[in-house]
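Breakdown of the fold
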Amino acid sequence: MNQTKIISKILYYICSVLSAGYLITLAYSVFCLATGYGVTPYKNGEFLHINFPFTEQPFLNIEDNYPYIIFSFLTVLLSYGIFFWLSAIVFRVFFQEKLFTADHIHQLTIFYRYNIFIPLPLVIVASFFVEVESMIWGLVFIHFMLGIFCLFLANIFKQGLHLQNEQDLFI
């Protein structure tokens, strides 16, 4: 169990950093796009560079059209920021002292619901406005499978909580 705690703690910190990176990039990008600060058009205005803060060095390269910016850029940053934040919460469950708690079941439930019910509708809506590459459908499938796996984990945790509570009554 010690190995699980070490690995889950490492993954917790990695996912926390990734989540913060995605969400900070999202906030900075929205700020730049809304104000025009740090944005440099190129190729006759077809594309935009979002520059690193306080420099003229390109940080992000995006197409200069609203459907792309909304569905292929900002939505992706937001959804993966949330995904890694929820992943960090799930990994935090596995290095806690008491494993089977109602709060941990709730956290697993949020994670599996997000992965099962969010990616597919997002991609379907986006497909009406931008071209969705075939690889994206594969990612949707992977998220769905990850959600199903986490659903199984949540159900195992429910059973573990039930058995743990029964044992508490007999002790």
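The model shown is predicted, which means the values in this text are computed figures rather than measured ones.

Our focus in this paragraph is the UniProt feature "transmembrane region" (unreviewed entry) in the protein. UniProt's feature table lists "transmembrane region" (unreviewed entry) at residues 12-39, 68-91, 111-130 and 136-157, given in the numbering used throughout. Helix makes up 100% of residues 68-91 and strand makes up 0%, while its end C-alpha atoms are separated by 33 Å.

Below, the discussion takes up helix α2 (residues 66-93). Counted at 1.5 Å a residue, the expected span for α2 with its 28 residues is 40 Å, and the 39 Å between its end C-alpha atoms agrees. For α2, the principal kink sits at Thr-75 and spans about 35°. At the N-terminal end of α2, a side-chain oxygen is found 2.9 Å from the backbone nitrogen of Tyr-68, two or three residues along, and the residue is Asn-65.

Turning next to the side chain of Ser-87. Along the polypeptide, Ser-87 turns up in helix α2. In this structure Ser-87 touches Cys-15 and Phe-111, once residues within four positions along its chain are discounted.

A few words now on helix α4 (residues 119-127). Turning to α4, its buried residues are Pro-119, Val-123 and Ala-126. Down the axis of α4, the sector holding all buried residues measures 65°, keeping them to one side.

Close contact between α2 and helix α3 (residues 102-117) brings their axes to 9 Å; oriented N to C, the two are set at 150°. Comparing the axis directions of α2 and α3 gives the class roughly antiparallel. The hand of the α2/α3 crossing is left-handed. Between α2, through Ser-79, Ile-82, Phe-83, Leu-86, Ser-87, Ile-89, Val-90, Arg-92 and Val-93, and α3, the contact on the second element is made entirely by His-104, Gln-107, Leu-108, Ile-110, Phe-111, Tyr-114 and Asn-115. Taken together, the residues that form the contact of α2 with α3 break down as ten nonpolar, five polar and one charged.

By secondary structure assignment, the location of Leu-153 is in helix α5 (residues 134-170). Separated by 19 residues in the primary sequence, Leu-153 and Ser-134 place their C-alpha atoms 29 Å from one another. Among residues more than four places away in sequence, those in contact with Leu-153 are Phe-94 and Leu-108.

Here we come to the packing of aromatic side chains. How two aromatic rings sit relative to each other is given by the distance of their centres and the angle of their planes. In this structure the tally under the stated criterion is 15 aromatic pairs. On the numbers, 5.5 Å between centres and 70° between planes, the contact of Tyr-12 with Phe-95 is edge-to-face. Pair noted here: Tyr-12 is in helix α1 (residues 2-35) and Phe-95 is in the loop between α2 and α3, with a separation of 83 residues, a long-range link. We classify Phe-95 as buried; its relative accessible area is 18%. Note on Phe-94 and Phe-157: the rings are 5.8 Å apart at their centroids and 85° apart in plane angle, and the pair reads as edge-to-face. Placement of Phe-94 in the loop between α2 and α3 and of Phe-157 in helix α5 is noted, with a sequence separation of 63 residues between them. Exposure remark for Phe-94: the relative accessible area of 17% places this residue in the buried category. Classification of Phe-157 by relative accessible area gives buried; the value is 3%.

Criteria and cut-off values
- Residues numbered from 1 in each chain as written.
- Predicted model: local features only at pLDDT ≥ 70, side-chain atom pairs only at ≥ 80, totals over all residues.
- Heavy atoms only, no water.
- UniProt positions renumbered as here; feature names shortened; annotations may be inferred.
- Helix = DSSP H or I, 4+ residues; strand = E, 2+ residues; numbered from the N terminus.
- Expected span 1.5 Å × (residues − 1).
- Bend = angle between axes of the 7 residues up to and from the residue.
- Polar contact = N/O pair within 3.5 Å; in protein donor to acceptor, adjacent residues only side chain to side chain.
- Contact = heavy atoms within 4.5 Å.
- Buried < 20%, exposed > 50% of the residue type's maximum accessible area, 1.4 Å probe, protein only.
- Arc of directions from axis to C-beta.
- Axes fitted to C-alpha atoms, helices over the stretch in contact; angles between N-to-C directions.
- Parallel < 35°, antiparallel > 145°, perpendicular 65-115°, else oblique.
- Left-handed = near helix turned anticlockwise from the far one by under 90°.
- Nonpolar A, V, L, I, M, F, W, Y, C, P; charged D, E, K, R; others polar.
- Phe/Tyr/Trp six-rings, centres within 6.5 Å; stacked < 30°, edge-to-face > 60°.

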